[in-house]
Amino acid sequence: MDVPAEATRPPLDSDQSCDVLVIGGGIAGVSTAHELALRGLSVILLEARTIASGVTGNSSAKLSALQGAVYRKLKRTVGAEAAARYAELNLSGLERIATLAETLGTDCAFLRRPAISYSREPEGLRTLEEEFDAARDAGLPIEFEPESDLPFPIAGVLRLDDQAQVDPVAWTRGIAAALRDLGGRVFEHVRVTGVKQGSPCSAETDKGHEIQAGRIVVATHTPILDRGLFFARMDSQRSYAVAGRIESPLPTGMYLSVDEPLRSIRPMTPGESGESALLVSGEGHRVGTGDPVERYLTMVEFLRDEFGAEVSYHWCAHDEMSPDHLPFVGPILPRNDRIMVMTGFSKWGLAAGVGASLLLADRLVGVDSEALSTFDPARASQFRQVKELTSHSVETGFHFAGDRLRKRAAEEDLKPGEGAVVGEGLTQAAVSRDDEGGYHRVSARCTHLGCIVSWNQADRTWDCPCHGSRFETDGSVLQGPATDPLPTADQPDPG
Ligand code: FES
């Protein structure tokens, strides 16, 4: 598959119109746009940065319907039928990825592997037994295994064959190229700043051009629109991945623990990393809280202590966690058939994102399915998770109020490479220093709803603890729901 160089792609330089506008060039958005084009609709895809450069490219690249002990939870919270639909969503996405990789000839390191849930603790056996029953009820042919090929003792193992790993960036860019071949218009470096519902709908962009569309699909991770209040219904989490070469034979499966602390373990292929390396990830926490450097170091120690490997690569994943673990796929508001949303994939958005694109594309050409009702953003089970939603809101309120009262650091104390919020009350500024010692000052008030951002020393970004927006040191948006940059802050009055 020939993926055209970025420089050869036409920029957005005029107003445009189409049947469906898809906002967001991650795997879910690109796959949806492609499926719609295959169904004969005219499609425009807008991406604020480059295709697959966000969450898709920073995932652990697993395609698996077995996900730790998730069916045990789903059976209790949303019931066995919804759990079975979730399994099917993942399997259908996985098979679609496999089929398109083969038919398009995309060089994306697709490789079948077993997915494995494991417990190191004897107490975890009960969890595995319950997961076995729930996953079997969901239609997954999982089996208990007598042992694992991990180098440390484990209490129990569940295995699901024929799952896979893939280079999600290569696959998604291959699909974007196929979309262009079908006549789809793909524009990168275009940020949508506002959406109006109507007939047609319209989207404003930061390039000053308007897109008119019969329907709009918002696939921007956290939706950029506040309608539907998705930012308040989900929890934004960061987790940490490190990888390094190991001397002993690589494990053959893609492992995920069911006991705390959660650890994900997956072999990397030479095609992915240039060598046979092992990837481990974990230490998930809410965006904008805790110490990311410490969490990275915990993963570095895990890789070294358990596998004898030094770290060659590291990166962060950013996930939107849905309270009932099911993604939100469908109308942004009840009875709104004009604007659709895809979000809340709870760390498993590769296969599930592609599975969701199939359901949504069918719906947009008038083919409804029972399965889609399970993932409807207005589903009743959403609102049964009141406890989790309430604790999230309380925590957000705490950040909103508490961060205004906190006494802040002095910017003279910052060393090169560091950042801190300085000042008090409404004049707080987010100040960072680059490696050369230069200062960068931007407003500390998140442009989404005004929470105070916090410094992420590991990534050198400003992260919002309320709903997960992230900003570069110059204030530009890395991750929504915010769409506007942090404005430059005035320099303090030396007098
Ligand atoms: Fe909502 Fe910052 S992301 S206030």
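Residues numbered from 1 in each chain as written. Predicted model: local features only at pLDDT ≥ 70, side-chain atom pairs only at ≥ 80, totals over all residues. Heavy atoms only, no water.

**With respect to the sheet that holds strand S24 (residues 477–479)**
Here is step 1: If you walk across this open sheet you meet the four strands as S21-S22-S23-S24, and the pairing is antiparallel. This sheet does not close on itself; its edge strands, each paired only once, are strand S21 (454–456) and S24.
Here is step 2: Bridge count for S21 against strand S22 (residues 461–463) is three bridges, and the pairing is antiparallel. Its bridge partner lying in S22, Ser-454 is registered against Asp-463. (Pairing = 2+ DSSP bridges. Helix = DSSP H or I, 4+ residues; strand = E, 2+ residues; numbered from the N terminus.)

**So, the state of the cysteines**
Here is step 1: Overall, the coordinates contain one disulfide when judged by the stated rule.
Here is step 2: Sulfur-sulfur distance for the disulfide between Cys-451 and Cys-466 comes to 2.0 Å. Where Cys-451 bonds to Cys-466 through sulfur, the torsion about that S-S bond is close to -80 degrees, and the disulfide is left-handed. Highlighted residues: Cys-451 in the loop between strand S20 (439–443) and S21 and Cys-466 in the loop between S22 and strand S23 (470–471), separated in sequence by 15 residues. With respect to class, Cys-451 is no different from Cys-466; both count as buried. (Disulfide = S-S within 2.5 Å. Buried < 20%, exposed > 50% of the residue type's maximum accessible area, 1.4 Å probe, protein only.)

**Things to note about the pattern of salt bridges**
Here is step 1: If you walk through the whole model with that rule in mind, you get 28 salt bridges.
Here is step 2: The salt bridge involving Arg-85 is made with Glu-81; its shortest N-O contact spans 3.3 Å. Placement of both Arg-85 and Glu-81 in helix H3 (residues 80–104) is noted, with a separation of four residues, approximately one turn of the helix.
Here is step 3: With a relative accessible area of 57%, Glu-81 lands in the exposed category.
Here is step 4: Across the pair Asp-459 and Arg-238 runs a salt bridge whose closest N-O atoms are separated by 2.6 Å. Pair noted here: Asp-459 is in the loop between S21 and S22 and Arg-238 is in strand S11 (residues 235–245), with a separation of 221 residues, a long-range link.
Here is step 5: Given a relative accessible area of 23%, Asp-459 falls into the partly exposed group.
Here is step 6: For Arg-238, a relative accessible area of 4% corresponds to the buried category.
Here is step 7: It is possible to trace a salt-bridge network through shared partners that takes in Arg-72, Arg-76, Arg-126, Glu-129 and Glu-130. (Salt bridge = Lys/Arg side-chain N within 4 Å of Asp/Glu carboxyl O.)

**Quick word on the sheet that holds S20**
Here is step 1: If you trace the three strands from one edge of the open sheet to the other, you get S18-S19-S20, paired in antiparallel fashion. The two strands at the open ends of the sheet, each matched to only one other strand, are strand S18 (419–422) and S20. Within the sheet, the average angular offset between the axes of one strand and its neighbour, ignoring direction, is 25 degrees.
Here is step 2: By the bridge criterion, four bridges tie S18 to strand S19 (residues 429–433) in an arrangement that is antiparallel. (Axes fitted to C-alpha atoms, helices over the stretch in contact; angles between N-to-C directions.)

**Things to note about the pairing of strand S17 (residues 339–343)**
Here is step 1: Burial of S17 is extensive: five of the five residues sit out of reach of the surface.
Here is step 2: Summarising the sheet, strand S10 (residues 210–218) and S17 pair through three bridges and their orientation is parallel. Opposite Val-218, over in S17, you have Val-341 as the bridge partner.
Here is step 3: Sheet topology places strand S16 (residues 328–331) next to S17; four bridges connect them, and they run antiparallel. Following the sheet pairing, Phe-328 is matched in S17 by Thr-343.

**Brief notes about the packing of aromatic side chains**
Here is step 1: This model, assessed by the stated rule, comprises eight aromatic pairs.
Here is step 2: With a centroid separation of 6.3 Å and an interplanar angle of 50 degrees, the aromatic rings of Tyr-71 and Tyr-86 are classed as tilted. Taken together, the residues Tyr-71 in helix H2 (residues 70–77) and Tyr-86 in helix H3 connect sequence positions 15 residues apart.
Here is step 3: For the ring pair Phe-132 and Phe-144, a centre distance of 5.2 Å and an interplane angle of 25 degrees mean the geometry is stacked. One end of the pair, Phe-132, is in helix H4 (residues 124–137); the other, Phe-144, is in strand S5 (residues 143–145), with twelve residues separating them in the sequence.
Here is step 4: A connected cluster of aromatic rings, assembled from ring pairs, spans Tyr-118, Phe-152, Tyr-255, Phe-302 and Phe-307. (Phe/Tyr/Trp six-rings, centres within 6.5 Å; stacked < 30°, edge-to-face > 60°.)

**Regarding the confidence of the model for the protein chain**
Here is step 1: In the predicted model, the protein chain carries a mean pLDDT of 88, and 89% of its residues have values of at least 70.
Here is step 2: Low confidence marks residues 1–5, where pLDDT is under 50. Its contacts with residues over four positions away, or in another chain, come to 14 contacts. (pLDDT = per-residue confidence, 0-100. Contact = heavy atoms within 4.5 Å.)

**Brief notes about the nonpolar core**
Here is step 1: With 70 residues, the main nonpolar core has Tyr-71, Tyr-86 and Trp-171 as its most contacted residues.
Here is step 2: Listed in part, the 24 residues of the second largest apolar core include Ile-44, Ala-203, Ile-224 and Met-234. (Core = buried A, V, L, I, M, F, W, Y, C linked by side-chain atoms within 4.5 Å.)

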